[in-house]
Amino acid sequence: MIKLFNTLGHRKQIFRPQHPERVTMYVCGPTVYSWPHVGNARPAVVFDVLYRLLCHFYPQVTYVRNITDVDDKINAAAERAQLDIDVITRRYIDSYHADMRALGVAPPTHEPRVTAHMEEIIAMVQRLVASEHAYVAAAHVLFSVDSFPEYGRLSSRRHADQRAGARVEVAPFKRNPADFVLWKPSTAEQPGWDSPWGRGRPGWHIECSALAMLHLGETLDIHGGGQDLVFPHHENEIAQSVCAHGGRPLCNYWLHNGLLRQHNEKMSKSTGNMRLLRDELQCHDGETLRYAFMATHYRSPLDWNDDTLLTARRNLDRLYGALRGHPPVAAEQPVAVLEALADDLNTPLALTRLHELARRLKRSTDAAKQRHLAGTLRQGGVLLGLLQQDAEQRAAMPSTADPEQVQQLVADRDAARRARDFAAADQLRDCLADLGIAVQDLPDGSSQWSRHSG
RNA sequence: GGCUGGGUGGCAGAAUGGUUAUGCAGCGGAUUGCAAAUCCGUAGAAGCCGGUUCGAUUCCGACCCCAGCCUCCA
C-alpha cells in the first residue's frame with residue numbers, strides 16, 4: 001500500500017490507481033533553452049524513485065516525461081548564440097540525457113517532444129474554441145478562465161483575490177486578466193505551424209495537456225512536477241484538459257517536489273544562483289548528487305551547497321565501505337526500506353534503514369550473515385537507485401592517480417611493513433596521500449586503499 | 001492584500017501523546033608499529049506563550065520568525 005501527499009486536498013492519501021494493475025504517471029520535463037541545472041534534476045530523481053516503487057507494486061507502469069522544445073526562451077537563446085533553434089534544442093536535450101544517466105535516472109516510457117505533436121495540440125485548442133472555453137482575439141487564442149468555475153482549486157486561489165498582472169503586463173485583448181494563451185501568432189523568423197488561426201505556435205501550458213492525453217488518456221493517476229508549477233502551469237493544464245474532455249478530471253493524484261535553495265536563498269534563474277549539473281558532475285559523481293537529493297524529503301525545500309554534497313559523499317562512502325569485500329549475491333528487498341518509500345516517498349528514512357543495515361553488516365562476525373546483509377543492503381539500494389557500483393572500483397574511481405603507480409606504491413609499502421621498516425612504510429603512505437590516496441591496513445597484513453574522502 | 005509550507009541537538013534530517021532516530025562532526029574507549037577504517041560507549045534538541053492531558057517535541061489556539069507563490073522558473 002502506497003500513501004502519497006496529494007496537492008489536490010493537501011493531505012496524504014492511500015494511492016489507488018484507476019486500474020488495479022496499471023498506473024499512469026506524467027511528469028513535466030525540461031524546457032530546453034539552457035544547460036540543465038540541479039533544479040531540473042530534483043523532480044527527475046524524485047519521480048524516478050516513485051517510478052521504481054510503482055514498478056515494484058504494479059505490473060504495468062507507463063511514465064511520460066515530456067521535453068518542451070518550443071518556447072520563446074529557446075528562440076531568444078538561439079538568437080543570442082546565432083544558431084539554429086534545432087542546434088540549441090539538440091544540444092540541451094543531449095546534455096539533459098547525459099546528466100540524467102549520470103544521476104541514475106531511468107528513461108521514462110515515453111519522452112515526447114512538443115514539436116512532434118503539433119496536430120494534437122491544434123486539435124485540442126480547436127475543441128476548446130468550439131466549446132467556447134476559448135476565444136480568438138488579436139490572432140491569439142485564449143482560454144477563458146471564467147468558463148471554468150473550478151479554476152484555482154489546485155492552488156487554493158480565488159482569482160478575484162489575486163493581484164492580476166503583479167509581475168507582467170496584462171495584454172489588452174484579454175477578457176479576464178487571468179486568461180492565458182493557448183496559441184499565438186509567429187512572425188516570419190519565429191518558428192510556426194499552420195493552424196486555423198494562422199501560422200503560429202502554442203502557448204506554454206497546452207503541450208502537457210495534449211501530450212498527456214496522447215499517451216495516457218483523459219485521466220492520469222499521477223501528475224508530478226516542481227512546486228513552482230502548481231500555479232499557473234498545472235492550474236491551467238487542469239482547466240484546459242477538463243474543459244476539452246467533457247468535465248472528466250485530468251488527474252487524481254498531484255505531486256509536487258519542493259524547490260532548491262542555496263544558503264537559504266531561493267535558487268532560480270532570476271537570482272542567478274543556479275548550479276548546473278555539468279558543473280556539479282565535474283566535482284562529484286552522479287550517485288553523490290542522487291544521494292543528496294534523497295537525503296531530504298521531496299516536499300521540503302532543499303538547501304544545495306558545498307556542505308550538502310560533502311555530507312552526501314561521506315554518507316555514501318560509509319554505505320559503500322560496508323559493501324567492500326562482499327560481492328553481490330541474490331537477496332530479497334528490505335521491507336523497512338520499502339515501507340519508508342511507500343509512506344509518501346520518505347527517502348531520508350529509507351536511507352536511515354540502509355545505514356542500519358550497514359551497521360549490522362559491519363558489526364557482524366558471521367560470514368554467512370554478512371553475505372546476506374550485504375545482499376539486502378544492495379537490494380535496498382536498487383529501490384533507491386544507489387549502491388549498484390562495484391564497491392572496490394568506486395573506492396578508487398574518482399582518483400586522477402595512475403593506477404599502476406598506486407598499486408606499486410601500495411605493494412612496496414606492504415613489503416616495508418612486513419619487514420617492519422615502519423619509517424619507509426610511513427614515507428610511502430605520505431607519497432600516496434600526495435596522490436590523493438588513503439591506505440588502510442587490514443588485520444591480515446594486507447592493505448586496502450581508496451581515494452581521500454573529503 | 002490573498003494563498004501555501006516550515007521553525008528539532010554543532011550540521012544535515014526523520015519518526016513519534018510516555019520508550020535509542022539515523023548519518024556527519026565532538027568526546028572517551030577498543031583495535032593499530034603509528035594511522036585510517038571499524039566497533040563499543042557518551043554528551044547534546046525541539047522559536048515563544050497559553051490550553052487539552054496523568055503526561056506534549058508530537059494535539060489545539062495566539063504570537064514571533066523564516067521560505068515560497070499570486071501568470072519567467074523544475
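Residues numbered from 1 in each chain as written. Chains lettered and ligands numbered in written order. Predicted model: local features only at pLDDT ≥ 70, side-chain atom pairs only at ≥ 80, totals over all residues. Heavy atoms only, no water.

### Digging into unusual backbone geometry
Residue Pro-232 follows Phe-231 across a cis peptide bond; omega there is 0°. For Pro-232, the position within the fold is in helix H6 (residues 230-244). Here Ser-156, not a glycine, exhibits a phi torsion of approximately 55°, which is positive. Mapped onto the elements of the fold, Ser-156 is located in the loop between strand E6 (140-143) and strand E7 (180-185). Despite not being glycine, Leu-387 shows a phi value in the positive range, around 65°. Tracing the backbone shows Leu-387 in the loop between helix H12 (367-384) and helix H13 (391-396). With relative accessibility at 0%, the residue Leu-387 sits in the buried group. (Helix = DSSP H or I, 4+ residues; strand = E, 2+ residues; numbered from the N terminus. Buried < 20%, exposed > 50% of the residue type's maximum accessible area, 1.4 Å probe, protein only.)

### Quick word on the sheet that holds strand E13 (residues 302-303)
Pairing within the open sheet is mixed, and its three strands lie in the order E12-E11-E13. What marks the edges here is a single partner per strand, and that holds for strand E12 (265-266) and E13. Here strand E11 (residues 260-262) pairs with E13 via two bridges, running parallel. Within E13, the position partnered with Arg-261 by the bridge is Asp-303. (Pairing = 2+ DSSP bridges.)

### Digging into the domain arrangement of chain A
Its domain assignment divides chain A into domain 1 (3-257), domain 2 (261-396) and domain 3 (403-451). Summarising the inter-unit geometry, the C-alpha centres of domain 1 and domain 3 are found 56 Å apart. (Domains from an automatic or database assignment.)

### Digging into the nonpolar core
Formed by 66 residues in total, the largest nonpolar core has its most connected members in Leu-50, Leu-54, Ile-222 and Trp-304. With 11 residues, helix H1 (residues 38-57) is the largest single contributor of residues to this core. Once residues lying within four places of it in the same chain are set aside, the contact partners of Trp-304 are Val-38, Leu-260, Arg-261, Gln-262, Met-267, Arg-275, Glu-280, Leu-289, Ala-292, Phe-293 and Leu-309. Ranked by size, the runner-up nonpolar core spans 40 residues in total, among them Tyr-151, Leu-154, Ile-206 and Leu-250. (Core = buried A, V, L, I, M, F, W, Y, C linked by side-chain atoms within 4.5 Å. Contact = heavy atoms within 4.5 Å.)

### Structural notes on the pairing of strand E15 (residues 447-451)
Within E15, five of the five residues are buried, which leaves it mostly tucked inside the rest of the structure. By the alternation rule, side chains of E15 split into Ser-447, Trp-449 and Arg-451 and Gln-448 and Ser-450, which are all buried. As paired strands, strand E14 (residues 437-441) and E15 are joined by five bridges and run antiparallel to one another. Looking at the pairing, Gln-440 lines up with Gln-448 of E15.

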